[in-house]
Amino acid sequence: EEKEEVEEWSARKGRILKSPNLKVFTFAELKFATKNFRGDSLLGQGGFGKVYRGWVDEKTLAPSKSSTGMIVAIKKLNSESVQGFDEWQSEVNFLGRLSHPNLVKLLGYCWEDTELLLVYEFMPKGSLENHLFRRNPAIEPLSWELRLKIAIGAAHGLAFLHSSDKKVIYRDFKASNILLDANYTAKISDFGLAKLGPSGGESHVTTRVMGTYGYAAPEYIATGHLYVKSDVYGFGVVLLEMLTGLRALDTKRPSGQQNLVEWLKADLSHKRKLKTMIDGRIEGQCSSKAVWQAAQITLKCLEPDPKSRPSMKEVVEVLERIEA
Ligand code: ADP
């Protein structure tokens, strides 16, 4: 069994593409930068690993003692899990080659024995999910203006991925994967499930259904057919969460464990219902025209038929016309 394991690892090594823009760190360097992955360096925990704060030199990215240079976020993956490896590889191969103000910057990686790590720019405001749903009194509720800014930023990020020369489907768009910098600029992180989109006249790619219930598009859940527009649905769910302050998947709604979109759409006049939900949330912070426009674009993104959803480029244009 052990031999099999070894072969697995060496076979995988061959699949790593070289990403010339990334620094290759040693494990010792990252151990040093995080003070031996100490508990008080822990920034958060994800599905496949833990994220630590570390210090590096701003120019060379060499780890520095502490409190000098630049803070980075260092993700240490559970290397025993195949999914942890796949996530690591996907991050290096996608994010390592992409650069955009609304994508988190990947600075480098480490692969030593079975240790897999990723080094990112530090995002001081954490995730959008933290801001929307964590009941931490230290976190101020987001104003209408900031919500709109975050939505526009995230939309630009997705539109960039979808552009004709990239054709990347992100596949796991959700509030916990949107990180915020000091100015609340939204940056998309976590390309663990990203896929190259269809080519040569195909409309979709067919894959195993993975992602997050509540955000995943209905056509994808039903058939495994993944469209570029499947990301637009996920974006619509995040918009809905931002506008209503309700979680995509919530066990507290009257009908039990139910998807926020199903719950909204169960009401025939859902546009009016959505507007009422938003109004209550951001009362006095913006005009009712802005609320109406936001409700309209949200529902378009949530259309059951992917062809009826707007492109992310169109979404950007609509959001940028809404009053802050
Ligand atoms: P998940 O698997 O839930 O998407 P991650 O493993 O990517 O989560 O990250 C877990 C947590 O670590 C995030 O929710 C966030 O609070 C924190 N985090 C991740 N990346 C960064 C970063 N670049 N800067 C600051 N905090 C981060």
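Above this text sits the structure in question.
The structure displayed is predicted, hence computed values, not measured ones. (Residues numbered from 1 in each chain as written. Predicted model: local features only at pLDDT ≥ 70, side-chain atom pairs only at ≥ 80, totals over all residues. Heavy atoms only, no water.)

K.L.:
Is there a simple way to explain the layout of surface pockets in this structure?
P.N.:
Remark: the empty space left among the atoms is shown by a probe the size of a water molecule rolled over them. Size it by volume and the second largest pocket reaches roughly 320 Å³. Around the second largest pocket, the lining comprises 18 residues; the ones closest to its centre are Leu-132, Phe-133, Arg-134, Arg-135 and Gly-245. Grouping the amino acids of the lining of the second largest pocket by side-chain chemistry returns six nonpolar, four polar and eight charged. (1 Å grid on protein atoms, 1.4 Å probe; cavity = no way out; pocket = protein on both sides within 12 Å on 5 of 7 lines; lining within 4 Å. Points joined across faces, edges and corners; volume = space filled by probe spheres on them. Nonpolar A, V, L, I, M, F, W, Y, C, P; charged D, E, K, R; others polar.)

K.L.:
What am I meant to see in the state of the cysteines here?
P.N.:
Here a disulfide denotes a covalent bond joining the sulfur atom of one cysteine to the sulfur atom of another. Evaluation of the coordinates by the stated rule reveals zero disulfides. Counting only cysteine sulfurs, Cys-286 is the nearest neighbor of Cys-301, a cysteine outside any disulfide, at a range of 18 Å. (Disulfide = S-S within 2.5 Å.)

K.L.:
Explanation requested: helix H5 (residues 144-162) in the structure shown.
P.N.:
Spacing of three or four residues puts side chains on the same side of an α-helix, whose turn is 3.6 residues. Over its 19 residues, H5 runs 27 Å from end to end, which matches the ideal 27 Å to within 8%, given 1.5 Å per residue. Of all 19 residues in H5, 15 are buried; the element is thus mostly enclosed. (Helix = DSSP H or I, 4+ residues; strand = E, 2+ residues; numbered from the N terminus. Expected span 1.5 Å × (residues − 1). Buried < 20%, exposed > 50% of the residue type's maximum accessible area, 1.4 Å probe, protein only.)

K.L.:
Teacher, can you tell me more about the packing of helix H7 (residues 228-244) against helix H10 (residues 288-301) here?
P.N.:
Helix-helix packing is characterised by the crossing angle of the two axes and by the distance between the axes. Their axes nearest at 7 Å, the elements H7 and H10 cross at an angle of 145°. In this structure, H7 meets H10 at a crossing whose hand is left-handed. Contacts between H7 and H10 involve Val-232, Tyr-233, Phe-235, Gly-236, Leu-239, Leu-240 and Leu-243 from the former and Ala-294, Ile-297, Thr-298 and Cys-301 from the latter. When grouped by side-chain class, the residues that make up the contact of H7 with H10 number nine nonpolar, two polar and no charged. (Axes fitted to C-alpha atoms, helices over the stretch in contact; angles between N-to-C directions. Left-handed = near helix turned anticlockwise from the far one by under 90°. Contact = heavy atoms within 4.5 Å.)

K.L.:
Would you explain the sheet that holds strand E1 (residues 23-24) in this entry?
P.N.:
Spatially, the six strands line up as an open sheet ordered E1-E5-E6-E4-E3-E2, and their pairing is mixed. Where the open sheet ends on each side, the last strands, each with one partner, are E1 and strand E2 (42-45). (Pairing = 2+ DSSP bridges.)

K.L.:
Would you mind going over the packing of aromatic side chains with me for this structure?
P.N.:
One pair of aromatic rings is described through two measures. These are the centre distance and the angle between the planes. Overall, the coordinates contain nine aromatic pairs when judged by the stated rule. Ring centres of Trp-88 and Tyr-109 lie 5.5 Å apart, and the angle between their planes is 90°; on these two criteria the pair is classed as edge-to-face. Of this pair, Trp-88 sits in helix H3 (residues 82-94) while Tyr-109 is found in strand E5 (residues 106-112), placing the two residues 21 residues apart along the sequence. When its relative accessible area of 0% is taken as the criterion, Trp-88 is described as buried. Taken together, the ring pairs connect Phe-85, Trp-88, Tyr-109 and Trp-111 into an aromatic cluster. One cation-aromatic arrangement involves Lys-23 over Phe-25; the distance from NZ or CZ to the ring centre is 5.4 Å. Directly above the aromatic system of Trp-263 lies the positively charged group of Lys-273, at a separation of 4.5 Å from the ring centroid. (Phe/Tyr/Trp six-rings, centres within 6.5 Å; stacked < 30°, edge-to-face > 60°. Lys NZ or Arg CZ within 6 Å of the ring centre and 35° of its normal.)

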